[in-house]
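Next come the chains, spelled out residue by residue.
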Amino acid sequence: MKLLGSTTSPFVRRLRLYFVQLKITDFDFVNLDIFANSEDRKLLTDNNPAQKVPALLDEEQCIYDSRVIFCYLSQKYEQPSLTWPQENLLTLIDAANDSLISLFLLTRSGLDTREDRFFFNLQHERVEKTFLALEQAANKGEFEQWHYPAICLYCLLDWVEFRQLYDFNPLADLVEFYQVNTNNSGVKETDPR
Ligand SMILES: N[C@@H](CCC(=O)N[C@@H](CS)C(=O)NCC(=O)O)C(=O)O
C-alpha cells in the first residue's frame, strides 16, 4: 500500500495515526508537495483527479478522501464501524477542518479573511459553532478513548495550533483533550512542524 499525502495535512495525519493504531507498517508514505512541485502534482492528479491528499493506492485500486480511506481500511482489517454519533462527530471535525483550510488558502492567496464578507463570515461562524459542539462532546466524555474520531480531533487541534488559525484556549475540555493525548503513539513521529 502507498499513502499519498503531505506531512502538514491534518487529513493525511489522521490516517497515519490510524495505521499506527492498527499496527500496520507495510505501507509507504509518499510525502508530496502538491502546490509547488509539478511532478508531485501530476502524480496526485493521475491518481486523484480531485487533486487532494490523502489518496491510498492498494494493489490496482486508488481510494481517495480520508473518510472513504478510513472505511476501506476498517473493512480490510475487520475493524468495528463507527457509531452514528461518532459519524456525526467526524462530520463536525471535517466541517471545521474544511472551513479552516478554505480560510488558510484564501489567506495564502492574499485575501484578508477578517473582512466582513459573506463567504468568510460563513466559514468563521461554522468554525465557532463546530468547535463549541466539539467542546460539549469532549465535556460529555465522547473523546475519552483514542478512537478514530479522537485521532481526527487531535489532528485538527494540533494543526490549528501549528498554523495559528484558531484559538481554542477558552474551550477547557478541548485543551485538556489536546494535552492528555500529546504523547500517544505516533503523535510525535507525525508532528507537522
Ligand atoms: N474531504 C477531503 C479533504 C482533503 C483536503 O482538503 N486535503 C487538502 C490538504 S489538507 C488538500 O489536498 N487541498 C488541496 C486543494 O484544496 O487544492 C478528505 O477528507 O480527504
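Residues numbered from 1 in each chain as written. Predicted model: local features only at pLDDT ≥ 70, side-chain atom pairs only at ≥ 80, totals over all residues. Heavy atoms only, no water.

**Student:** Is there a simple way to explain unusual backbone geometry in this structure?
**Tutor:** Excluding glycine, a negative phi dihedral is what most residues carry, and trans is how most peptide bonds are arranged. Omega for the peptide link from Val 53 to Pro 54 comes to 10 degrees, which places this bond in the cis form. Take Pro 54: it is sitting in the loop between α2 (38-47) and β3 (55-58). Here the phi dihedral of Glu 59 falls at roughly 50 degrees; this positive angle occurs in a residue that is not glycine. For Glu 59, the position within the fold is in the loop between β3 and β4 (61-64). (Helix = DSSP H or I, 4+ residues; strand = E, 2+ residues; numbered from the N terminus.)

**Student:** What exactly am I supposed to notice about the site of the ligand here?
**Tutor:** Among the 13 residues in the neighbourhood of the ligand, the closest are listed as Ser 9, Lys 52, Val 53, Asp 65 and Ser 66. Here Asp 65 contributes a side-chain N or O atom positioned 3.0 Å from a nitrogen atom of the ligand. Within the side chain of Ser 66, a nitrogen or oxygen atom sits 2.6 Å from an oxygen atom of the ligand. Among the elements of the structure, α1 (10-22) and α4 (84-108) are those that each provide at least two residues to the shell around the ligand. Among the residues forming the shell around the ligand, the class breakdown is eight nonpolar, three polar and two charged. (Near = heavy atom within 4 Å. Polar contact = N/O pair within 3.5 Å; in protein donor to acceptor, adjacent residues only side chain to side chain. Nonpolar A, V, L, I, M, F, W, Y, C, P; charged D, E, K, R; others polar.)

**Student:** So what exactly am I meant to see when it comes to the packing of helix α6 (residues 148-163) against helix α7 (residues 172-180) here?
**Tutor:** Packed helices, taken two at a time, are described by the angle between their axes plus the distance between the axes. Running from N to C, α6 and α7 point in directions that differ by 100 degrees, and their axes come no closer than 10 Å. Between α6 and α7, the angle falls in the class roughly perpendicular. Across the interface between the two elements, Ala 150, Leu 153, Tyr 154, Leu 157, Asp 158 and Glu 161 of α6 pack against Leu 174, Phe 177 and Tyr 178 of α7. Counted by class, the contact of α6 with α7 contains seven nonpolar, no polar and two charged residues. (Axes fitted to C-alpha atoms, helices over the stretch in contact; angles between N-to-C directions. Parallel < 35°, antiparallel > 145°, perpendicular 65-115°, else oblique. Contact = heavy atoms within 4.5 Å.)

**Student:** I would appreciate a short explanation of the domain arrangement of the chain in the present structure.
**Tutor:** Put simply, an interface is often sized by how much accessible area is lost when its parts join up. Assigned domains within the chain: domain 1 (2-76) and domain 2 (84-180). On a C-alpha basis, the centres of domain 1 and domain 2 stand 21 Å from each other. Taken together, the contact between domain 1 and domain 2 spans 13 residues of the former and 21 residues of the latter. When the buried area of domain 1 at its contact with domain 2 is split by residue, Pro 10, Arg 14 and Arg 67 rank highest and sum to 42% of it. (Domains from an automatic or database assignment. Buried area = accessible area lost by both parts, 1.4 Å probe.)

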